[in-house]
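Descriptive structure summary
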Amino acid sequence: MKFGLLLPHFGAYASRQRILTGSILAEELGFDSLWVRDHLVFEPHAELENPNIVFYEALTTLTAVGAVTERITLGTGSLIPFRHPIHTALSVGSLAQLVGDRIILGYGAGTFDHEFEAIGMPGIFRPELVESNAHILRRLFTEDRVDYSDSHYTLDAISIEPKPPGHVPFWYCGSTPASARRAVRYCDGWMPGRTTLATIEKRVEAMDSMSAEAGRKRPTVAVIPPTSIAKTHEEAFDGLNIDGLLRWANERGKWWVKPPSGVFETAEDIEGSLIAGSPDEVVEEVAKFDAVGVEHLVFDLRLRFDRWFESIELLGDQVLPRLRAQGLAG
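Everything numeric in this text was worked out from a predicted model, so none of it was measured.

A few words on the sheet that holds strand β8 (residues 189-190). Backbone-to-backbone hydrogen bonds join strands into a sheet, with any given pair of strands oriented parallel or antiparallel. Pairing is parallel in the closed barrel, where 8 strands are placed in the order β1-β2-β3-β4-β7-β8-β9-β12. Against the sheet, helix α10 (residues 279-291) touches β1 (2-6), β9 (220-223) and β12 (296-299), its axis set at about 140° to β12.

This part is about the environment of Arg-218. With respect to the helices and strands, Arg-218 occurs in the loop between α7 (197-214) and β9. Separated by 157 residues in the primary sequence, Arg-218 and Thr-61 place their C-alpha atoms 30 Å from one another. With near-sequence residues (within four places) excluded, Arg-218 lies in contact with Val-204, Met-207, Asp-208, Ser-211, Gly-293 and Glu-295. A polar atom in the side chain of Arg-218 sits 3.1 Å from the side chain of Asp-208. A distance of 3.1 Å separates a polar atom in the side chain of Arg-218 from a polar atom in the side chain of Glu-295.

In the case of a regular strand, side chains alternate between the two sheet surfaces. The side-chain alternation of strand β2 (residues 33-36) yields two buried faces, one formed by Ser-33 and Trp-35 and the other by Leu-34 and Val-36. As paired strands, β1 and β2 are joined by 3 bridges and run parallel to one another. Counterpart to Gly-4 in the pairing with β2 is Ser-33. Crossover β1 to β2 through helix α1 (residues 16-28) is right-handed. Pairing of β2 with strand β3 (residues 73-79), which is carried by 4 bridges, proceeds in the parallel orientation. In the strand pairing of β3, Ser-33 is matched with Thr-73.

This brings us to unusual backbone geometry. For the peptide bond that leads from Gly-77 to Ser-78, omega is 15°, which places it in the cis range. As for its position among the elements, Ser-78 is in strand β3. Residue Arg-145 is not a glycine yet carries a positive backbone phi of 50°. Along the chain, Arg-145 falls in the loop between α5 (126-142) and β5 (146-149). Arg-145 gets classed as exposed once you look at its relative accessible area, which sits at 61%. Here Ala-157, not a glycine, exhibits a phi torsion of approximately 55°, which is positive. With respect to the helices and strands, the residue Ala-157 is situated in strand β6 (residues 154-158).

A few words on the packing of α1 against helix α11 (residues 308-325). Orientation of α1 relative to α11, taken along the N-to-C sense of each, is 10°, at an axis distance of 10 Å. Comparing their axes, α11 and α1 come out roughly parallel. Along its contact with α1, which presents Gln-17, Arg-18, Thr-21, Gly-22, Leu-25 and Ala-26, the element α11 presents Trp-308, Phe-309, Ile-312 and Glu-313.

The next point concerns the side chain of Arg-83. Counting through the fold element by element, Arg-83 comes out in the loop between β3 and α3 (85-99). Judged by relative accessible area, which is 11%, Arg-83 ranks as buried. A polar contact is formed between the side chain of Arg-83 and the side chain of Asp-38, at a distance of 2.7 Å. A polar contact of 2.7 Å, which involves the side chain of Arg-83, links it to the side chain of Glu-57. Not counting chain neighbours up to four residues away, the residues in contact with Arg-83 comprise Asp-38, Glu-57, Ala-58, Leu-59, Thr-88, Asn-133 and Tyr-153.

So, on to α7. Within an α-helix, residues lying three or four positions from one another point in the same direction, as the helix has 3.6 residues per turn. Its 18 residues give α7 an end-to-end C-alpha distance of 25 Å, which sits within 8% of 26 Å, the value for a rise of 1.5 Å per residue. Within the span of α7, buried status applies to Leu-197, Thr-199, Ile-200, Arg-203, Val-204, Met-207 and Ser-211. Each buried residue of α7 sits inside an arc of 140° when the element is viewed along its axis, so together they form one side. In α7, the exposed positions that point more than 90 degrees away from the buried face belong to Glu-205, Ala-212 and Glu-213. On its buried face, α7 sits against α6 (177-186), β8, β9 and α10. Backbone geometry just after α7 places Gly-215 at a positive phi near 70°.

This part is about the state of the cysteines. Scanning the model with the defined rule gives 0 disulfides in all. Cysteine Cys-173 is unpaired, with the sulfur of Cys-187 as its nearest cysteine sulfur at 8.7 Å. Of the residues examined, Cys-173 reaches a relative accessible area of 12% and is grouped as buried. Here Cys-187 falls in the buried class, since its relative accessible area comes to 1%.

Right, let's talk about the pattern of salt bridges for a bit. Counted according to the given criterion, the structure contains 15 salt bridges. Two residues, Arg-218 and Glu-295, come together in a salt bridge whose shortest N-O distance is 3.1 Å. With a gap of 77 residues between them, Arg-218 in the loop between α7 and β9 and Glu-295 in the loop between α10 and β12 connect regions that are remote in the sequence. Three or more residues are tied together by salt bridges with common partners; here these are Asp-38, Glu-57 and Arg-83.

Scoring rules and cut-offs
Residues numbered from 1 in each chain as written. Predicted model: local features only at pLDDT ≥ 70, side-chain atom pairs only at ≥ 80, totals over all residues. Heavy atoms only, no water. Pairing = 2+ DSSP bridges. Helix = DSSP H or I, 4+ residues; strand = E, 2+ residues; numbered from the N terminus. Contact = heavy atoms within 4.5 Å. Axes fitted to C-alpha atoms, helices over the stretch in contact; angles between N-to-C directions. Polar contact = N/O pair within 3.5 Å; in protein donor to acceptor, adjacent residues only side chain to side chain. Buried < 20%, exposed > 50% of the residue type's maximum accessible area, 1.4 Å probe, protein only. Right-handed = clockwise from strand over helix to strand, strands pointing away. Parallel < 35°, antiparallel > 145°, perpendicular 65-115°, else oblique. Expected span 1.5 Å × (residues − 1). Arc of directions from axis to C-beta. Disulfide = S-S within 2.5 Å. Salt bridge = Lys/Arg side-chain N within 4 Å of Asp/Glu carboxyl O.

So, in structure tokens, the structure goes:
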């Protein structure tokens with residue numbers, strides 16, 4: 001498995017120091033990747049984040065991070081299709097040329113209608129926008145004078161320079177059955193956000209079958225679970241809004257695999273949608289993700305951005321070495 005961190009580029013604790021110094025520390029400690037989210041008009045998730053609308057733009061943040069690091073992979077988890085793909089192609093091509101061939105482009109349809117309403121794009125079936133972006137970006141990254149037309153975009157002999165120096169993997173981000181199907185059909189990876197181990201296992205089984213039928217390798221499977229790590233179990237769980245996570249699961253996790261009762265009632269019912277505990281407990285939890293086929297796990301520390309550096313050091317000093325010793329980390 002590979003291991004990454006979601007950067008603190010949003011909310012009350014977003015800052016230049018946390019983003020850049022934390023990125024340098026993560027590379028020094030042997031993390032494989034650093035990730036950003038994407039929003040245009042940011043509305044924090046009440047069960048996870050303080051009501052603070054600060055949001056450092058995704059690709060700008062990765063460019064700054066790339067300038068202070070050398071090797072670590074930089075990913076979007078996920079980019080939302082409210083940019084025109086020509087604009088995205090030029091931004092990503094510039095980023096890749098400036099920081100090197102180490103970009104993963106995760107794309108998702110987005111959760112909030114208001115972000116598309118704000119730019120005059122209401123009512124669009126956004127998964128179609130993701131697919132359009134996938135096809136257009138691949139061509140703009142590798143071809144000149146690209147002609148393209150679908151119900152959303154028309155390109156007439158468009159070229160962009162600079163192009164990325166190598167292949168930019170395109171991952172579909174979402175936890176629904178349809179997202180897994182789309183990942184198999186036209187993507188290099190599948191990356192759900194918050195979801196359960198049971199759901200991941202079911203999706204991976206379906207993806208294995210679909211990939212075999214299509215005669216292709218299964219896309220990379222990655223996850224970004226909210227994570228709270230501390231020296232003790234009690235510290236890690238202190239202040240966590242478990243009731244909020246359960247409420248979110250029951251209201252919006254309609255595509256998740258349900259427990260026997262049909263209702264998410266306990267922390268065990270949403271296993272996999274949260275990693276919390278001491279370093280020993282985090283190692284145990286990570287092994288469960290490996291068992292269901294996850295190949296790249298990104299620790300989403302937004303619950304503990306107030307303890308950002310401490311959390312990175314606990315993961316880097318006490319979790320990653322044990323995972324490597326068990327053969328779970330490269």
